[in-house]
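Now for the letters of each chain:
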Amino acid sequence: LNNEEYSSFLSEDTAERKTILHSLGDISYKEENYYQASQYYKETIDLMGSSSSELSAVYRDYAISLVLNNDLNGAKAVLEEAKSRNIDFSDLTLMSAYISFKSNDLSSAMNDVNTLLASDAAKETKEKAYTLGAEIEEAGGNLSEAVKWLESAVSFSGTIDNQRRLAAMYMQYASDVRLSNS
């Protein structure tokens, strides 16, 4: 947003600015630049009213980017703020699952993931829950279960990112099996 032409446009159109900032956050997130993503999400939230339909998703993305940037205290503060703003239950549950996961409370994280998958959460939230389930199993040393979670993620939402994760997990699992049989 350093371009002068864009800056003047964005200062005049708050709705467009929110959309662009959230999109820039998503791009930074995909590039695994979680610090930058969190900055864009924070700025988006600052521009949103309390009744915005996207508020829940932005809070969810903000908290998760903080967790992935190892800022657990910041993520916990965002979770509490989100609760006070009556954010969607499934997004709050996903935020809690990521915080538990990063805090090595794998059991609580998995309970939250299972709660989400049994709920009527939005597709994007459920997709994130499936991939987090795989990460939880991997962290617990259960690669065969991690593979199953990613297979479910691909079945649920066949995005290229999930297909790549699954392919990498297949390779990791096969390597571990081969080493254990040596």
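Keep in mind that what you see is a predicted model, and the values were worked out from it rather than measured. (Residues numbered from 1 in each chain as written. Predicted model: local features only at pLDDT ≥ 70, side-chain atom pairs only at ≥ 80, totals over all residues. Heavy atoms only, no water.)

### Overview of the pattern of salt bridges
As enumerated under the stated definition, the model contains 8 salt bridges in all. Between D46 and K42 there is a salt bridge, with its nearest N and O atoms 2.9 Å apart. You can see D46 and its partner K42 sitting in helix α3 (residues 34-47), 4 residues apart, about one turn around the helix. According to the relative accessible area criterion, D46 is exposed, its value standing at 52%. Residue K42 is classed as partly exposed on the basis of its relative accessible area of 35%. Residues K83 and E80 are paired through a salt bridge, measuring 3.4 Å at the closest nitrogen-oxygen approach. Of this pair, K83 and E80 both sit in helix α5 (residues 72-84), 3 residues apart, roughly one helical turn. The structure contains a network of salt bridges with shared partners spanning R60, D61, D91 and E124. (Salt bridge = Lys/Arg side-chain N within 4 Å of Asp/Glu carboxyl O. Helix = DSSP H or I, 4+ residues; strand = E, 2+ residues; numbered from the N terminus. Buried < 20%, exposed > 50% of the residue type's maximum accessible area, 1.4 Å probe, protein only.)

### A short note on the confidence of the model for the protein
Mean pLDDT over the protein stands at 90; residues scoring 70 or higher make up 92%. Ranking the helices and strands of the protein by mean pLDDT puts helix α7 (residues 106-117) first, with 97, and helix α1 (residues 4-12) last, with 58. (pLDDT = per-residue confidence, 0-100.)

### Concerning the packing of helix α6 (residues 89-102) against α7
With their axes 8 Å apart at the nearest point, α6 and α7 run at an angle of 155° to one another. In this view, α6 runs roughly antiparallel relative to α7, as classed from their interaxial angle. Pair α6 / α7 crosses with left-handed handedness. From α6, F89, S90, T93, L94, S96, A97, S100 and F101 reach across to α7, where they touch L106, S108, A109, D112, V113, T115 and L116. (Axes fitted to C-alpha atoms, helices over the stretch in contact; angles between N-to-C directions. Parallel < 35°, antiparallel > 145°, perpendicular 65-115°, else oblique. Left-handed = near helix turned anticlockwise from the far one by under 90°. Contact = heavy atoms within 4.5 Å.)

### A look at the nonpolar core
Core analysis: the biggest nonpolar cluster contains 44 residues, and Y59, M95, V113 and L132 have the highest contact counts within it. Contributing elements (two or more residues each) for this core: α3, α4 (55-68), α5, α6, α7, α8 (123-139), α9 (143-156) and α10 (160-180). No other element matches the 8 residues that α4 contributes to this core. Sequence-distant contacts of Y59, that is, excluding residues within four places in its chain, are made with I45, V78, E81, A82, R85, I87 and M95. (Core = buried A, V, L, I, M, F, W, Y, C linked by side-chain atoms within 4.5 Å.)

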